[in-house]
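# Summary of the model geometry
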Amino acid sequence: MADPTYIILVVLHIISAATAFAITMPVASALRRAAGQGREAKAAIAQLANRTGMFATIFGTATLATGLALIFYRGGFKAIPPTIHAAMGLVIVMLVLGQLLQRPTCARITAAVDQGDEAWAAARKRFVMGDGILQLLWVVVLVLMFIK
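Report on the accompanying structure. Residues take numbers from 1 onward in each chain, read along the sequence in its written order. Only residues with pLDDT of 70 or above have their local features reported here, since the model is predicted, and side-chain atom pairs are shown and tallied only from 80 upward, although totals for entire chains, interfaces and linings are computed over all residues. Hydrogen atoms and water are omitted, and side-chain values are computed over all heavy atoms in the structure.

### What about the overall build of the protein?
Selection rule: Only DSSP runs of H or I with at least four residues qualify as helices, and only runs of E with at least two residues qualify as strands; both kinds are numbered from the N terminus onward. Think of it in three bands: residues with accessible area under 20% of the maximum for their type are buried, residues over 50% are exposed, and the middle band is partly exposed, with areas taken using a 1.4 Å probe on protein chains only. In this analysis, two residues are considered to be in contact whenever any of their non-hydrogen atoms come within 4.5 Å of each other. Values of accessible area rely on a 1.4 Å probe in the Shrake-Rupley scheme; residue burial ignores everything except the protein chains shown. Charge counting follows a simple rule: Lys and Arg are positive, Asp and Glu are negative, and His as well as the terminal groups are ignored. Where a charge sits is defined by one atom per residue type, namely NZ (Lys), CZ (Arg), CG (Asp) or CD (Glu).
When helices and strands are tallied, the protein shows five helices and zero strands. Counting only C-alpha atoms and orienting by the principal axes, one finds that the protein spans roughly 60 × 25 × 20 Å. A buried classification covers 34% of the 148 residues belonging to the protein. Nonlocal contacts in the protein, meaning residues at least 24 apart in sequence, comprise 78% of its contacts between residues at least 6 apart. Roughly 8,500 Å² of accessible area belongs to the protein as shown, and the carbon and sulfur atoms make up 71% of that amount. Computing the positive centroid from 13 side-chain charges and the negative centroid from 6, the protein places the two 9 Å apart.

Following this line, the structure appears as structure tokens:
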């Protein structure tokens, strides 16, 4: 029978990673649909972008924390393959990129609510680019987790 603590850590790790990966996915299409809409629609989507960004950061941090807990539970950094080291490094990079790239972009989206469709389109394009980069990095992390 498997160790219950290990199973709980793995389940929490997978749930947090899946949530961090998927939570921002609907935002890009919502931003596109809001173009040309009224102020209220844009304000609601801007609030959605900010909220999902906050939750992505929380769940990304939870992924890192549960990953570290799993590493130390299994015997430390010497006991895990180098691909796990790389995946953990990429999660840290993603958390930094989220703060340096996406967070200011969400602020631009909020400001663009009152600045017109050109400002909205520019902020949307920047958000989609950053989100695409982060989603690609999540896929790389997922692949690294399964390579031994």
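### Focus on helix α2 (residues 25-34)
Just so we agree on the cut-off: In this context, the arc is that of the directions from the helix axis out to the C-beta atoms.
Within α2, burial applies to Val 27, Ala 30, Leu 31 and Ala 34. All buried residues of α2 lie within an arc of 105° about the axis, which places them on one face of the element. Considering only its buried residues, α2 is in contact with α3 (39-73), α4 (82-112) and α5 (117-146). Positioned one or two residues after α2, Gly 36 has a phi angle of 85°, which is positive.

### Some thoughts on the side chain of Thr 105
Note the threshold: For this analysis, a polar contact is any N or O atom pair within 3.5 Å, provided that within protein one partner can donate a hydrogen and the other can accept it, and provided that sequence-adjacent residues contribute only side-chain to side-chain pairs.
Tracing the sequence through the fold places Thr 105 in helix α4. Only 3.3 Å separates the side chain of Thr 105 from the side chain of Arg 126, close enough to count as a polar contact. In this structure Thr 105 touches Ala 123, Arg 126 and Phe 127, once residues within four positions along its chain are discounted.

### Comments concerning a nonpolar patch on the surface
Let me state the cut-off plainly: Nonpolar side chains (Val, Leu, Ile, Met, Phe, Trp, Tyr) are joined into patches within 5 Å and like charges within 9 Å, using only residues with over 30% relative accessible area and no salt bridge. When a carboxyl oxygen of Asp or Glu lies within 4 Å of a side-chain nitrogen of Lys or Arg, that pair is called a salt bridge.
A cluster of nonpolar residues, Ile 7, Val 11 and Ile 15, forms a patch on the protein surface that exposes about 240 Å² of accessible area. Checked against the element boundaries, Ile 7 lands in helix α1 (residues 4-22).

### Section: the nonpolar core
Condition: We call a set of buried Ala, Val, Leu, Ile, Met, Phe, Trp, Tyr and Cys residues a nonpolar core when their side-chain atoms join them within 4.5 Å.
Counting residues in hydrophobic clusters, the biggest one holds 16 residues, and the most contacted among them are Leu 64, Ile 71, Val 91, Met 94, Trp 138 and Val 141. Mapped onto this core, the elements with two or more residues apiece are α1, α3, α4 and α5. Residue contributions to this core peak at six residues, all from α4. Sequence-distant contacts of Trp 138, that is, excluding residues within four places in its chain, are made with Ala 17, Ala 20, Phe 21, Gly 60, Thr 63, Val 91 and Met 94. One finds Leu 31, Ala 49, Ala 112 and Ala 123 within the second-largest nonpolar core, a separate group that totals 14 residues.

### Details of the pattern of salt bridges
The final tally for this structure, using the stated rule, is two salt bridges. Arg 39 is the partner of Asp 114 in a salt bridge, and the nearest nitrogen-oxygen pair spans 2.7 Å. Here Asp 114, found in the loop between α4 and α5, pairs with Arg 39, found in helix α3; they are 75 residues apart in sequence, far enough to count as distant. The exposed category is assigned to Asp 114, whose relative accessible area is 56%. Two residues, Lys 42 and Asp 117, come together in a salt bridge whose shortest N-O distance is 2.5 Å. In this pair, Lys 42 is assigned in helix α3 and Asp 117 in helix α5, connecting sequence segments 75 residues apart. Classification of Lys 42 by relative accessible area gives buried; the value is 4%. Residue Asp 117 is classed as partly exposed on the basis of its relative accessible area, which comes to 44%.

Everything listed here is a matter of coordinates, which is why it stays silent on function.
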